[in-house]
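Reading the structure
Residues per chain, in single letters:
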Number of protein chains: 2
Amino acid sequence: MRPQIVLFGDSITEQSFRRGGWGAALADAYSRKADVLNRGYGGYTTRLGFFLLHHLFPLECTNPPVATTIFFGANDAALLGRNSERQHVPVEEYKENLRRMVHHLKKCSPTMLIVLITPPPVDEEGRLEYARSVYGENAVKLAERTNEMAGVYAKQCVELARELGLPSIDLWSKMQETEEWRKKFLSDGLHLTEEGNAVVHQEVIRVFNEASFCASAMPYDFPHHSEIDDWKDPSKAFLQFS
Amino acid sequence: MRPQIVLFGDSITEQSFRRGGWGAALADAYSRKADVLNRGYGGYTTRLGFFLLHHLFPLECTNPPVATTIFFGANDAALLGRNSERQHVPVEEYKENLRRMVHHLKKCSPTMLIVLITPPPVDEEGRLEYARSVYGENAVKLAERTNEMAGVYAKQCVELARELGLPSIDLWSKMQETEEWRKKFLSDGLHLTEEGNAVVHQEVIRVFNEASFCASAMPYDFPHHSEIDDWKDPSKAFLQFS
């Protein structure tokens, strides 16, 4: 019955309902208006995510999401020859996978609001610090991701959105506008702090509002309590729903 | 496709996806296992909530929730002759409304896990302080709710759960086990602080686990990234879903 907003992506989406998370904040912003469903898959790349499309967004669905965020790239951009190389997806394929995801969603619902989100920037030193905190002396000496490479993927993501006429959030650039972005927005050089989550939340709200998908303009599913006149016999207030 | 957990209640449920909220924490705990849907309605009583039952839980639904929390009473217990008297629902009716809600949900799905949650305790001085902070000299001088009355409703809620053989969470008693409950768990004498939210979260998780509805025992909907053997051609890992 309620419209659905689906968050499709990797661990940064999967973790978005943790304390201060952008997914939970979105669910709160659309409270009583739309449901926010978390379809984040830690460790996944666009190559893996592609296999989920038909399951998460079946073409025969009678009630497709009204809005979907697609938020991959942090894993795709893992470097060849480094510790996470198995996750590496070439940037051309990343872009193509995103394109196929969008095509699928558009087939699912031509009116669905689709928002592409770039990977966040990477704090290489933060990644190495994190590795040392977990593995001690056995930690890798070379970060498995670089900020420069994440930027290459981010650029293609924004470029694809432009090609397809979709809104996008250039998180990679946006976060780096703030001088202290490394520690302020990233907890381990890659995943988001609460303040990093707040940036994603603000940006998603901004893009949703610009696309006229604004929570404040959407009706409540049932009367606000201030609209109930007769609390002894409130049936009249609910007549229109029966 | 994913099992659904529905949180049905008043503002304490509606606000449960705010920072540190128990609803968001539950969604995170069941991440990739179940969806948590917020059906909280600020200001609502069991008398109002009753009108939503057929809409939120239609009997003909082919995919009813696997678990539902029913969390009313904070408004029902508003005192007659005080500022929020229109919300007052006599305790006998409160209990009867809860009973009818449970019957409806059981008709919807005989296997649904239904958990009754009592209203939290009330810090009367905290309510008055809050009123003064909002209305200054025009603030009411008598709290619209008392802790004693909330306790009367809580007792009937627990009693009903016992009669129906359902699990319940006696939040009213649980919170008062902690000496500093007034300021520690309540932000305005009635609604929950982050620490108050954490109590609800822990209690819901405890009851869910006791009912063998345990996130860690539920399968992931799709392979965990550590189970992907061939990242170049991951199709084999998804064969069972095609």
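Below: a short report on this structure. If you're wondering where the values come from, they're calculated on a predicted model, not measured in any experiment. (Residues numbered from 1 in each chain as written. Chains lettered and ligands numbered in written order. Predicted model: local features only at pLDDT ≥ 70, side-chain atom pairs only at ≥ 80, totals over all residues. Heavy atoms only, no water.)

**Overview of the interface of chain B and chain A**
With 45 residues of chain B at the contact, the number on the chain A side is 45 residues. Notably, a salt bridge pairs D28 of chain A with R18 of chain B, separated by 4.0 Å at the nearest N-O pair. Here chain B and chain A share 18 residue pairs in polar contact (both at pLDDT 80 or more) between them. For the side of chain B that touches chain A, the elements supplying multiple residues, two or more each, are helix 2 (22–29), strand 2 (35–40), helix 3 (46–49), helix 4 (53–56) and helix 11 (235–238) of chain B. Here the residues of the side of chain B that touches chain A sort into 19 nonpolar, 13 polar and 13 charged. (Contact = heavy atoms within 4.5 Å. Salt bridge = Lys/Arg side-chain N within 4 Å of Asp/Glu carboxyl O. Polar contact = N/O pair within 3.5 Å; in protein donor to acceptor, adjacent residues only side chain to side chain. Helix = DSSP H or I, 4+ residues; strand = E, 2+ residues; numbered from the N terminus. Nonpolar A, V, L, I, M, F, W, Y, C, P; charged D, E, K, R; others polar.)

**Some remarks on the pattern of salt bridges**
All names here are of chain A. The full count for this structure, using the stated rule, is 52 salt bridges over all chains. With a shortest N-O distance of 3.4 Å, D188 and R127 are connected by a salt bridge. Here the residue D188 occupies a position in the loop between helix 9 (181–185) and helix 10 (194–210), and R127 occupies one in helix 6 (residues 124–135), the gap between them amounting to 61 residues. D188 gets classed as buried once you look at its relative accessible area, which sits at 10%. (Buried < 20%, exposed > 50% of the residue type's maximum accessible area, 1.4 Å probe, protein only.)

**A word on the environment of E177 of chain B**
For E177 of chain B, the position within the fold is in the loop between helix 8 (171–176) and helix 9 (181–185). When the C-alpha positions of E177 of chain B and L192 of chain B are compared, they lie 16 Å apart, and in sequence the two are 15 residues distant.

**A few points about the sheet that holds strand 4 (residues 113–117) of chain A**
Residues and elements named next belong to chain A. Reading across from one edge, 2-1-3-4-5 is the order of the five strands in this open sheet, with parallel pairing throughout. Of all the strands in the sheet, just strand 2 (35–40) and strand 5 (168–169) have a single pairing partner and so form its edges. Of the strands in this sheet, strand 4 and strand 5 are in contact with helix 7 (residues 147–164), which crosses strand 4 at around 155°. (Pairing = 2+ DSSP bridges. Axes fitted to C-alpha atoms, helices over the stretch in contact; angles between N-to-C directions.)

**Brief notes about the relation of the copies chain B and chain A**
Least-squares fitting of chain B to chain A yields an RMSD of 0.0 Å, with the superposition described by an axial translation of 0.0 Å and a rotation of 180°. Here the copies are linked by what is in effect a two-fold axis. A symmetric contact is evident, with 100% of the interface residues of chain B recurring at the interface of chain A. (Least-squares fit on C-alpha atoms with pLDDT ≥ 70 in both.)

**With respect to the nonpolar core**
Ranked by size, the top nonpolar core spans 70 residues in total, and within it I5, Y30 and F208 of chain A together with I5, Y30 and F208 of chain B carry the most contacts. Setting aside anything within four residues of it in sequence, one finds F208 of chain B in contact with I5, L26, Y30, A67, T69, L113, V115, F213 and C214 of chain B. F8, L37, Y94 and F222 of chain B belong to the second-largest nonpolar core, a separate cluster that totals 68 residues. (Core = buried A, V, L, I, M, F, W, Y, C linked by side-chain atoms within 4.5 Å.)

**Details of helix 5 (residues 91–108) of chain B**
The end-to-end C-alpha distance of helix 5 of chain B, which contains 18 residues, comes to 26 Å, matching closely the 26 Å that a straight helix rising 1.5 Å per residue would cover. Turning to helix 5 of chain B, its buried residues are V91, Y94, K95, N97, L98, M101, V102, H104, L105 and C108 of chain B. (Expected span 1.5 Å × (residues − 1).)

**With respect to the sheet that holds strand 1 (residues 4–9) of chain B**
Residue and element names in this part refer to chain B. If you trace the five strands from one edge of the open sheet to the other, you get 2-1-3-4-5, paired in parallel fashion. Two strands close off the open sheet at either side, each with one partner strand: strand 2 and strand 5 (168–169). Sheet topology note: the strand 3 (residues 67–71)/strand 4 (residues 113–117) ladder contains four bridges and is parallel. Paired with I70 across the two strands is L116, which belongs to strand 4. Running over the sheet, helix 5 touches strand 1, strand 3 and strand 4 and is turned about 170° from strand 3. The strands touched by helix 7 (residues 147–164) are strand 4 and strand 5; relative to strand 4, the strand with the most contacts, the crossing angle is about 155°.

**Quick notes on the packing of helix 5 of chain B against helix 7 of chain B**
Residue and element names in this part refer to chain B. Where helix 5 meets helix 7, the closest approach of the two axes is 10 Å, and the angle between their N-to-C directions is 35°. Helix 7 is crossed by helix 5, and the crossing has right-handed handedness. Of the residues in helix 7, those touching helix 5 at V91, Y94, K95, L98, R99, V102 and H103 are V152, Y153, Q156, C157, E159, L160, E163 and L164. Along the lines of polarity and charge, the residues of the contact of helix 5 with helix 7 split into nine nonpolar, two polar and four charged. (Left-handed = near helix turned anticlockwise from the far one by under 90°.)

**Quick word on the state of the cysteines**
Residue and element names in this part refer to chain B. Counting across every chain of the model gives zero disulfides over all chains. The thiol of C157 is not disulfide-bonded; the next cysteine sulfur, from C108, is found 20 Å away. Exposure remark for C157: the relative accessible area of 0% places this residue in the buried category. (Disulfide = S-S within 2.5 Å.)

Taken by themselves, the reported measurements are silent on function.
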